[in-house]
Amino acid sequence: MRHFLDLKDFSTNTLQSILDAGLCMKAAQKSGDGHELSLSGKSVAMIFEKPSTRTRVSFEVGITQLGGTPLILSASDLQSGRGESIEDTARVLSRYVNAILIRCYKHETLLTLAKHSSVPVINALTNWSHPCQLMADLMTMIEYHGPLYGQTVAWLGDVNNVAVSWIEAAVRFDFQLRIASPQNYAPPADLMAWARANGGDIILTDDVNFAIDKVQTVVTDVWISMGADEGSRSIDFAPYQVNEKLMKSAACDAIFMHCLPARRGMEVTAEVIDGPQSAVFDEAENRLHAQKAVMLWCLEGN
Ligand code: CP
Ligand code: NVA
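Residues numbered from 1 in each chain as written. Chains lettered and ligands numbered in written order. Predicted model: local features only at pLDDT ≥ 70, side-chain atom pairs only at ≥ 80, totals over all residues. Heavy atoms only, no water.

Summarise the sheet that holds strand β7 (residues 202–205); cite the residues concerned and give the values.
Taken in spatial order, the 5 strands make up an open sheet running β7-β6-β5-β8-β9, and their pairing is parallel. What marks the edges here is a single partner per strand, and that holds for β7 and β9 (255–258). Mean inter-strand twist for the sheet, computed between neighbouring axes without regard to direction, equals 20°. Note: strand β5 (residues 152–156) against strand β6 (residues 176–180), 5 bridges, orientation parallel. (Pairing = 2+ DSSP bridges. Helix = DSSP H or I, 4+ residues; strand = E, 2+ residues; numbered from the N terminus. Axes fitted to C-alpha atoms, helices over the stretch in contact; angles between N-to-C directions.)

Listed below in structure tokens is the structure:
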């Protein structure tokens, strides 16, 4: 079963082939060639426990472009919202649809769904990770700076679900990832142990100037993710804001990325996210193409 749960589950070759397919589909669409209707006659269920703009719309449009039928299922409207087990939900949906994607709070919910589903399951964000986002981010890095091997990326701020997928991507594609965050927000030890055991070039620091020095890509995300408590985060992360002064220390052709939604004036200033180095809308656009490639890979094997 070809689930798409986390980047670490895949070989570099498999991930690269999905990225290549995404880049090809983007080029075909831009040149007006369109796509084969590879999802014709197929349905994809999309379960959302949390809000979404990009993931929901890009998957829905992507499925439609490939000739398939998307079903948007708000978790609160499903019987699972009144206590039906995720196992039974997986078994039942598997009888109707060809793939299931889920955005949920607990990563365990995703894993349980995948375990009991007889169709591919795609991680559309959990509290732990956001691999679909990374596929779009990696496509964007390739478009701006070429092959991923040896590139340099600085992640500033909260070490959240998107950061976890960045760590896994850095290991799989052999680029340097410098994570600048307060010491008490460091990545989980077991993830770092996995990264080190697999040769990852991951630098942990609380020094933003060190992290950003001559780096090719600067990336950040909200300081308070969906479902997280604010606590003292706004104070703790204030020194990690991406602003123009900081960007001057990055490489002269550095790009700024953010998965969006963004809070201007918090994790990034308006001058940076709306400035000439910002790649955030290319990145958002790439969600569409990356996700089509992920779905085709999942369904190719079934
Ligand atoms: N980046 C991202 O996943 O955006 P949405 O929450 O709008 O889907
Ligand atoms: N880290 C953010 C990503 C949103 C796409 C969150 O989980 O809210």
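There is more to say, and it comes next.
Kindly report on the pairing of β9, identifying the contributing residues and their values.
Residues I255 and M257 of β9 are buried on one face, and the alternating residues F256 and H258, pointing to the opposite face, are buried as well. As judged from the 4 bridges shared by strand β8 (residues 217–220) and β9, these two strands associate in the parallel manner. Bridge pairing in β9 places T217 opposite I255. (Buried < 20%, exposed > 50% of the residue type's maximum accessible area, 1.4 Å probe, protein only.)

How would you summarise the layout of surface pockets if you had to cite specific residues and measurements?
Rolled over the atoms, a probe with the dimensions of a water molecule shows which regions are left empty. In this structure, the largest pocket spans a volume of roughly 410 Å³. Around the largest pocket, the lining is made up of 25 residues, and of these D221, V222, M226, L260 and P261 lie nearest the centre. Mapped by element, the contributors of at least two residues to the lining of the largest pocket are α2 (54–65) and α6 (161–173). Split into classes, the residues belonging to the lining of the largest pocket amount to 11 nonpolar, 7 polar and 7 charged. (1 Å grid on protein atoms, 1.4 Å probe; cavity = no way out; pocket = protein on both sides within 12 Å on 5 of 7 lines; lining within 4 Å. Points joined across faces, edges and corners; volume = space filled by probe spheres on them. Nonpolar A, V, L, I, M, F, W, Y, C, P; charged D, E, K, R; others polar.)

Lay out the site of ligand 2 with the relevant residues and their values.
Taken together, L125, N160, N161, D221, V222, S225, M226, C259 and L260 form the complete shell of residues around ligand 2. Note that a nitrogen atom of ligand 2 is positioned 3.3 Å from one of the side-chain N or O atoms of N160. Between ligand 2 and M226 there is a distance of 2.8 Å, counted from an oxygen atom to a backbone nitrogen or oxygen. Of all the cavities here, the one that holds ligand 2 is the largest pocket. (Near = heavy atom within 4 Å. Polar contact = N/O pair within 3.5 Å; in protein donor to acceptor, adjacent residues only side chain to side chain. Sits in = over half its atoms within 2 Å of the grid points.)

Let's hear about the packing of aromatic side chains: which residues, and what values?
Taken as a whole, this structure holds 5 aromatic pairs when the rule is applied. Through successive ring pairs, a cluster of aromatic residues spans F4, F10 and W297. (Phe/Tyr/Trp six-rings, centres within 6.5 Å; stacked < 30°, edge-to-face > 60°.)

Describe the pattern of salt bridges, naming the residues involved and giving the relevant values.
Where charged atoms of side chains with opposite charge meet at close range, the side chains can pair. In the structure shown here, the tally under the stated rule is 9 salt bridges. In this structure, E60 engages R56 in a salt bridge whose closest nitrogen and oxygen atoms are separated by 3.5 Å. Of this pair, E60 and R56 are both found in helix α2, 4 residues apart, which corresponds to roughly one turn of the helix. Since its relative accessible area comes to 26%, E60 is described here as partly exposed. (Salt bridge = Lys/Arg side-chain N within 4 Å of Asp/Glu carboxyl O.)

Let's hear about α6: which residues, and what values?
The first and last C-alpha atoms of α6 sit 19 Å apart over 13 residues, in line with the 18 Å expected at 1.5 Å per residue. Taken across its 13 residues, α6 has 13 buried, putting it largely inside the fold. Between the side-chain oxygen of the N-cap and the backbone nitrogen of V162 there are 3.0 Å, and the N-cap of α6 in question is N160. At the C-terminal side of α6, D174 shows a positive phi close to 60°. (Expected span 1.5 Å × (residues − 1).)

Can you lay out the packing of helix α3 (residues 86–96) against helix α4 (residues 107–116) for me, pointing to particular residues and giving the numbers?
Taken N-terminus to C-terminus, the directions of α3 and α4 make an angle of 45°; their axes are 8 Å apart at the nearest point. Here α4 runs oblique to α3, going by the angle between their axes. For the crossing formed where α3 meets α4, the hand is right-handed. For the pair α3 and α4, the contacting residues are I86, E87, A90, R91 and S94 in the first and T109, T112, L113 and H116 in the second. Classifying every residue of the contact of α3 with α4 gives 3 nonpolar, 4 polar and 2 charged. (Parallel < 35°, antiparallel > 145°, perpendicular 65-115°, else oblique. Left-handed = near helix turned anticlockwise from the far one by under 90°. Contact = heavy atoms within 4.5 Å.)

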